Amino acid sequence: QVQLVESGGGLVQPGGSLRLSCAASGGLFRFLPMGWYRQVPGNARELVATIRSGGRENYADSVKARFTIPRDNAKNIMYLQMNNLKPEDTAVYYCNTDPPSAVFTWGQGTQVTVSS
C-alpha cells in the first residue's frame, strides 16, 4: 500500500490562493497518472485535475485557468496551485492516481474553505 498525505488547506477569502501538497510513499508515484479530487459532504468525489507521468495536464472546466497541478517526481510530491479561489471551491481535497487505485490508500484529505 502506498500512503498519501495531503496538506496545505485552510481558510482563504474569495480571490485568494492556496497551494496544496500531496506526498506519496514509495517509488510508484513517478510512473503513474495522478489526480486531485475534491468532495463536498453529500456529493460524490470529483476529479478536478490530473497530470500524467510525462507532464500532460487536464482540468475540470470548473477550475480551468485557475488551478495548476505541478509534480516533483524526485520528491514524490504533487501540488495543486489554486488561484482566484471561489466559494464553490470549498471542499475536502484528496489526491490519488487517476483513476483511483486500490494500491494507493486515500489520505484524510485537506479542507479548503473559501469564505469572506
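Here's a quick rundown of the structure.

Here is what the cut-offs are and how they apply
- Residues numbered from 1 in each chain as written.
- Predicted model: local features only at pLDDT ≥ 70, side-chain atom pairs only at ≥ 80, totals over all residues.
- Heavy atoms only, no water.
- Disulfide = S-S within 2.5 Å.
- Helix = DSSP H or I, 4+ residues; strand = E, 2+ residues; numbered from the N terminus.
- Buried < 20%, exposed > 50% of the residue type's maximum accessible area, 1.4 Å probe, protein only.
- Pairing = 2+ DSSP bridges.
- Axes fitted to C-alpha atoms, helices over the stretch in contact; angles between N-to-C directions.
- Phe/Tyr/Trp six-rings, centres within 6.5 Å; stacked < 30°, edge-to-face > 60°.

1. A word on the state of the cysteines
Inspection of the entire model under this criterion finds one disulfide. Shown here is the disulfide that connects C22 with C95, its sulfur atoms set 2.0 Å apart. Across the disulfide from C22 to C95, rotation about the S-S bond amounts to roughly 75°, and the bridge is consequently right-handed. Taken together, the residues C22 in strand 3 (residues 18-24) and C95 in strand 10 (residues 91-97) connect sequence positions 73 residues apart. Since its relative accessible area comes to 0%, C22 is described here as buried.

2. Topic: the sheet that holds strand 12 (residues 110-114)
One open sheet accounts for six strands, arranged 2-12-10-4-5-6; its pairing is mixed. Both outer strands of the open sheet, strand 2 (10-12) and strand 6 (57-59), are each paired with one neighbouring strand and no more. The average undirected angle you get between the axes of adjacent strands in this sheet is 25°. Where strand 10 meets strand 12, three bridges bridge the pair, whose relative direction is antiparallel. If you follow Y93 over to strand 12, its bridge partner there is T110.

3. A closer look at the packing of aromatic side chains
Inspection of every chain in the model, using the stated rule, returns two aromatic pairs. Between Y37 and W106 the ring centres are 5.2 Å apart and the planes differ by 80°, which places this aromatic pair in the edge-to-face class. Of this pair, Y37 sits in strand 4 (residues 34-39) while W106 sits in the loop between strand 11 (104-105) and strand 12, and the two are 69 residues apart along the sequence. Overall, the relative accessible area of 5% leaves Y37 in the buried class. Ring geometry for Y94 and W106: centres 5.9 Å apart, planes at 90°, overall edge-to-face. Taken as a pair, Y94 in strand 10 and W106 in the loop between strand 11 and strand 12 lie far apart in primary sequence, 12 residues in all.

None of the figures reported here should be taken as evidence of function without further support.
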